[in-house]
Every structure is written in structure tokens, then in C-alpha cells.
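One letter stands for each residue in the lines below.
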Amino acid sequence: MTTPKIELRGVKKRFGPKVVLDGIDLVINPGESLVVIGGSGTGKSVTIKCVLGILRPDEGKIFVDGEEVTHINGRARDKVLRKFGMLFQGAALFDSLTVWENVAFGLIQGRGMGRRQARDIAVEKLAKVGLGSEVINLSPSELSGGMQKRVGLARAIAADPDIIFFDEPTTGLDPIMADIINDLIVDTVKDVGATTLSITHDMASARKIADRIAMLYKGKIIWHGPVSEIDNSGNPYVDQFIHGRAEGPIKMEVRG
Amino acid sequence: MNIFAPVGRAFFTLLAQIGRLTMFLVEVVSSCFRPPIYWYHIGQQMMRIGYFSLPVVGLTAFFTGGALALQIYLGGNRYGAEAIVPQIVVLGITRELGPVIAGLMVAGRVAAAIAAEIGTMRVTEQIDALTTLATNPIKYLVVPRLIAAVVTMPILVAIGDSIGVMGGYIVSTQSLGFSSGIYLKNTLDFMKNEDVISGLYKAAAFGFIIALMGCYNGFNSKGGAQGVGAATTNAVVTASILILAANYFLTSILFAK
Ligand SMILES: Nc1ncnc2c1ncn2[C@@H]1O[C@H](COP(=O)(O)OP(=O)(O)O)[C@@H](O)[C@H]1O
Ligand SMILES: [Mg+2]
């Protein structure tokens, strides 16, 4: 049996009285692309942030490459973080820096690479996501939403990470741009051979990028399986979600 | 209606806030002494916090010195003590008004700007992005601002002191009939190093408060634009209150003899 790339065991997280994650169990195998689906506010981003150490789980354990990382800090945490690339929901580009400085940030600040070499890598990664040299000196605020996502993607893959996380990569984009981003994700992931965890509520995106899908509901993974089984899951919650029906077992909490 | 419940809750909220601020403070101060130190950012922040505050600090100091001279002249007149204007102006400016007014002005300008910038970075997940790129946001964002504020505030106040004394001098010589030579001689004879230096200590403390409250409120902002707006307001209000409170305690410590 291979060691899972990432494993969550019984991860719980609450904010004050509000329980967001109520015992998450999840395994992501090397080279696999797992997509977690679920409604807005169900704790998808919180799950990712717990793995990255941005948030600390209240209970449970998280393993990366078999090493427990739940409570590590400082240098040990930085070492683990070097395995990761992350594309944030709103791209989260640094608006005080230019496009290429954003892409090269992890290389320069995180790894101490020289600016010239980092810039060459940034240009190369930007080309991979379809951005030419005319944008490299622009500020992120001068770019459209789709272009910002591309820059965020280039930043996520800049250091050739083992593992890439995508937080709602297509949210807020028009359907065509969303599909372009999906293709880019599939291509770039194949290119660097990374393991990926994506979260989304966009089923078209999930079908396109997933090997396996897991559904998060009320703080738990209520179903998971290969993407081919999603239409025959036999799970009424999954059925309601993938068909986007208002009627069904899922009760939307109107106040989040 | 139990009136103790809300009072108790407010009290515990306050305690929790103080606890969080203390934890933030400990993390920030310990980060000041561990590499990496971002020298380039310290320089950049010194420009933004110090240099660009010069016009505001200079103008307010000038008018404060002028008004102070007028008031002392008018008040002193009642006892035939109007000749004391230069001495009181230099004492009042260097010990109290120079640092306090500069502190409050810079609090309005810089604490707000820091809270808005860091708050925006928080709500747009830029701070989380820093973490995932193996860069400690406290070291990258907070430490440079803190060091820059602590270093530049005394310089700003020293300049403000000079301009404030000059404001008093101009008003006194131009409209109160003082002779220029006597005014300057009285000022220089009366001014003691301790007075100036005590004011510069205060300035460094105020710089620390300003950067800390800007960063702390920015770091803890939540929600969208509204959360950032609230953080900005809180930063200015808390920094101003803490400056005035710290000024009282510093005065009582520095001049306890
Ligand atoms: N730092 C935080 N402090 C308090 N509550 C939070 C925090 N982060 C997330 N939450 C809450 O946790 C819930 C799940 O958030 P999130 O994971 O962002 O949802 P989504 O599944 O849409 O990504 C939301 O109700 C949100 O309000
Ligand atoms: Mg989310």
C-alpha cells in the first residue's frame, strides 16, 4: 500500500459555537486529483486552510507524505509548505507587486533565489498559462478576473510543487473563461505531475478536473467515489447537489 | 432584565481583546529579532511613515507653536509676565505638544493607512497567500512597519519641535513685539537637553503604538470592505487613546524627580 499524499483523520474545526468541520476523513493518493464539492459556507476553504496550517484544527490529525503536520510551526511548517502550491478563490495576488514579482514571490522570498533567475522562471510559467511578456510588468489590478486567475495559477505552479490546491478556480468567471481555466488546470497538473485537491461548487469544473469526488455536507464527507460514479451515487444529497435542485434533503441555511 | 449580564460580557470581551493583543505583541516583538529582516521594506516604510508625514506634522507644529505663543502672551499679560513666552513655548512644545500632536496626526494618517492596507490583504486572502509561499506575514508586513515607525517618529518630532518653536518665534516677533535676538537667546538659554530627549522617547513610544494598532486591527479585520473600514476606524481611535494615555504615564515617569 502506498502512503497517501495527504490524509485527514477526524478533523474538527469550530469558530466559537459554530461547528464548521465535524470530523473530516479524507485520503488523497499520489498523483490523484480529488475534488471536494459542497455548498457555499460548508467549510471547503476551512478544510484546505487546516491542511496548510493557516487554521489550526481543534481535533483530529493531518498527514502529508505520512508525516503528521497538524501542529508543526516555524521552519518545519515552511518545509512542508514548500511542497504546496495554492490558487486562492480571489487569486489573492499581492497588489503592491507586479505580475512577474507575484509569480516569482515564492522563489525569491521563500527559497532565496536570485531575482534574475526567478524572473526567467516567472516568464516561463506565465507563458504556460497563456500570458505573454506584455503583462509581466503590469500591476494585478490592471488585469481582468480571468487573467488574475491565470497569474494565480502561474504563482501556484512556479516552484513545481508536489501538491496543488485550487479553491473555487472557476467561481466568478464566465463559462468560457471557466472552461479555459479548467483546461489549464488539467494541462498544468499533468505537466508537473502534481497531486491536487480542488474545491468547487461548479459541477462542470468538478467533472473536468476530478479523478475522484468527495462531497462535504454539515461538516462531514457524506460521499466519495470516482467521478464516473457521481451520477449513480445513490445518495440523495449528492443527487440534489449535482442537479442543483432546490427541493431535496439538503436544507440551505439561509443565514450562514 | 439583568444589567450585570451585558456588563460582564463586555468585560470578558475586553479581557479577550487584551489577551489577543498581548499575544500579537509577543509574536511581533520576538519576530523583530529573528531573521529574515526585510531591510528594503523597512526603508520603504520609513519613507511612507516618516517622510510623507512631514508636511502634516510640520504644519500642525507651526500653528500650534504660534497659538501657544499668543495664549501665553495674553495670559501672561494679566500678571505682567508676558516676557516668559519663549521659555514656555519651547518647554511646552518639546515636552508635550510636539510629540503628542505629531503622534495624533501620524495616528490619523499612518495607523489608518496601515490598517486599511493590511486589512485589505487579510480579507482578500493575500496574508494567507504569504503563508503558503513560506513567508511569515508578521515578519514581512508587521516588523518593517513597526521598526520604521519607531525610528522615524523621533526624527519627525525633532523636526516638528523646531518648526513649532519657529511658529512661536514668528508670531512673537512679528505681532507681539519681541525682539528677535532676545527671543532666540531666551529660548536657547532655557531649553534643556532632557526636555527635548524626553519628547523623543515619547515619540518612539507613540510610533510603536501607531504601527502596532494599525497592524493589529488590519490583521484581525474580517468580512469585506465594511470590515476593513471598521478596522481602519478602530486603529485610529485605539492608537489615539493609547497615545494620550501613554503620554500621561511617560510624563509621570520621565519627570518624576
Ligand atoms: N476565520 C474565520 N473566523 C470565523 N469564521 C470563519 C472563519 N473562516 C471561515 N469561517 C466560517 O466557516 C464557514 C465555512 O467557511 P468556508 O470554508 O470559507 O466556506 P466555503 O465552503 O464556501 O469555502 C463559514 O460559515 C464562515 O463564516
Ligand atoms: Mg470558500
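So, a few notes on the structure that sits alongside this text. Note that this is a predicted model, so its numbers are computed, not measured.

Here is what the cut-offs are and how they apply
Residues numbered from 1 in each chain as written. Chains lettered and ligands numbered in written order. Predicted model: local features only at pLDDT ≥ 70, side-chain atom pairs only at ≥ 80, totals over all residues. Heavy atoms only, no water. Helix = DSSP H or I, 4+ residues; strand = E, 2+ residues; numbered from the N terminus. Rg over C-alpha atoms; globule rule 2.2 N^0.38 Å. Contact = heavy atoms within 4.5 Å. Areas by Shrake-Rupley, 256 points an atom, 1.4 Å probe, with all protein chains shown as cover. Lys, Arg positive; Asp, Glu negative; His and termini not counted. Charge placed at Lys NZ, Arg CZ, Asp CG, Glu CD. Buried area = accessible area lost by both parts, 1.4 Å probe. Salt bridge = Lys/Arg side-chain N within 4 Å of Asp/Glu carboxyl O. Polar contact = N/O pair within 3.5 Å; in protein donor to acceptor, adjacent residues only side chain to side chain. Nonpolar A, V, L, I, M, F, W, Y, C, P; charged D, E, K, R; others polar. Pairing = 2+ DSSP bridges. Axes fitted to C-alpha atoms, helices over the stretch in contact; angles between N-to-C directions. Core = buried A, V, L, I, M, F, W, Y, C linked by side-chain atoms within 4.5 Å. Buried < 20%, exposed > 50% of the residue type's maximum accessible area, 1.4 Å probe, protein only. Phe/Tyr/Trp six-rings, centres within 6.5 Å; stacked < 30°, edge-to-face > 60°. Lys NZ or Arg CZ within 6 Å of the ring centre and 35° of its normal. Near = heavy atom within 4 Å.

1. Examining the overall build of chain A
And step 1. For chain A, the helix and strand inventory stands at 8 helices and 10 strands.
And step 2. In terms of overall size, chain A behaves like a compact globule, its C-alpha atoms giving a radius of gyration of 18 Å where 256 residues would be expected to give roughly 18 Å.
And step 3. C-alpha extents for chain A along the principal axes are approximately 55 × 40 × 40 Å.
And step 4. Excluding contacts between residues fewer than 6 apart, the proportion of contacts in chain A whose partners are at least 24 apart in sequence is 63%.
And step 5. Working note: accessible area of chain A is about 11500 Å², and carbon and sulfur atoms make up 50% of it.
And step 6. Of the side-chain charges in chain A, 33 are positive and 32 negative, and the distance between the mean point of each set is 5 Å.

2. Some words on the interface of chain B and chain A
And step 1. Between chain B and chain A, the contact holds 14 residues from the first and 20 residues from the second.
And step 2. Both sides of the chain B and chain A interface together cover about 1500 Å² of buried area, and 62% of this is carbon and sulfur.
And step 3. Broken down residue by residue, the surface that chain B buries against chain A is led by E125, T132 and L133 of chain B, which jointly contribute 37%.
And step 4. The tally of links from chain B across to chain A stands at 2 salt bridges.
And step 5. Taken together, the connections running from chain B to chain A amount to 4 residue pairs in polar contact (both at pLDDT 80 or more).
And step 6. Here the side of chain B that touches chain A gets 6 residues from one element, more than from any other, and that element is helix α5 (residues 126-132) of chain B.
And step 7. Among the residues forming the side of chain B that touches chain A, the class breakdown is 7 nonpolar, 5 polar and 2 charged.

3. A few points about the sheet that holds strand β10 (residues 220-226) of chain A
All names here are of chain A.
And step 1. Read across the open sheet, the 6 strands follow the order β6-β7-β8-β3-β9-β10; overall the sheet is mixed. Here the strands that pair on one side only, and so sit at the sheet edges, are β6 (84-87) and β10. Adjacent strand axes in the sheet meet at a mean angle of 15°, parallel and antiparallel pairs treated alike.
And step 2. Note: strand β9 (residues 212-217) against β10, 6 bridges, orientation antiparallel. Opposite I213, over in β10, you have G225 as the bridge partner.
And step 3. The sheet strands contacting helix α5 (residues 145-157) are β6 and β7 (163-167), and the helix crosses β6 at an angle near 175°.

4. Observations regarding the nonpolar core
And step 1. One finds F84 and F165 of chain A together with F24 and M153 of chain B to be the most contacted residues of the largest nonpolar core, which totals 81 residues.
And step 2. Sorting elements by how many residues they give to this core places helix α6 (residues 137-175) of chain B first, with 11 residues.
And step 3. Aside from chain neighbours lying at most four places away, what touches F24 of chain B is I138, V142, L212, C215, Y216 and F219 of chain B.
And step 4. Grouped together as the second largest cluster of nonpolar side chains are 50 residues, A118, V135, I157 and Y217 of chain A included.

5. Side note on the pairing of β9 of chain A
Residue and element names in this part refer to chain A.
And step 1. Along β9, 6 of the 6 residues are buried, which leaves the element largely enclosed by surrounding structure.
And step 2. Side chains R212, A214 and L216 project from β9 onto one buried face, and the interleaved I213, M215 and Y217 project onto a second face that is buried too.
And step 3. Bridge count for strand β3 (residues 33-37) against β9 is 4 bridges, and the pairing is parallel. Considered in β9, the bridge of I37 is made with M215.
And step 4. A loop of 2 residues connects β9 with β10, the two strands running antiparallel in sequence, and K218 in this loop sits at a positive phi of about 50°.

6. As for the packing of aromatic side chains
And step 1. Taken as a whole and assessed by the stated rule, the structure comprises 14 aromatic pairs over all chains.
And step 2. A ring pair is formed by Y248 of chain B and F249 of chain B, whose centres lie 5.4 Å apart and whose planes are at 75°; its orientation type is edge-to-face.
And step 3. On the basis of relative accessible area, Y248 of chain B is assigned to the exposed category, the value being 55%.
And step 4. Here R155 of chain A stacks its cationic end above the ring of F94 of chain A, 4.8 Å away from the centre of that ring.

7. Topic: the site of ligand 1
Residues and elements named next belong to chain A.
And step 1. Contacts to ligand 1 come from F15, K18, V20, G39, S40, G41, T42, G43, K44, S45 and V46.
And step 2. Here an oxygen atom of ligand 1 sits 2.7 Å away from a polar atom, N or O, in the main chain of G41.
And step 3. Look at ligand 1: alone it shows 570 Å² of surface, and the protein chains cover 64% of it.
And step 4. Listing elements by their share of the shell around ligand 1, those giving two or more residues are β2 (18-28) and α1 (44-52).
And step 5. In terms of residue count, the dominant contributor to the shell around ligand 1 is α1 (3 residues).

8. Quick notes on the sheet that holds strand β5 (residues 67-68) of chain A
All names here are of chain A.
And step 1. Taken in spatial order, the 4 strands line up as β2-β1-β4-β5 in an open sheet, and their pairing is antiparallel. On the outer flanks of this sheet lie β2 and β5, each paired with one strand and no other.
And step 2. As paired elements, strand β4 (residues 59-64) and β5 share 2 bridges and run antiparallel to each other. Pairing of V64 across the sheet is with E67, part of β5.
And step 3. Its contacts with the sheet put α1 on β1 (6-15), β2 and β4, and the angle it makes with β1 is roughly 115°.

9. Re the pairing of β7 of chain A
Residues and elements named next belong to chain A.
And step 1. The element β7 is largely enclosed, with a buried count of 5 among its 5 residues.
And step 2. Note: β6 against β7, 4 bridges, orientation parallel. Paired with G85 across the strands is I164, a residue of β7.
And step 3. Pairing of β7 with strand β8 (residues 195-200) involves 5 bridges; the strand directions are parallel. If you follow I164 over to β8, its bridge partner there is T196.

10. A look at the environment of I147 of chain B
And step 1. Counting through the fold element by element, I147 of chain B comes out in helix α6.
And step 2. Here the alpha-carbon distance between I147 of chain B and Y51 of chain B, two residues 96 residues apart in the chain, equals 15 Å.

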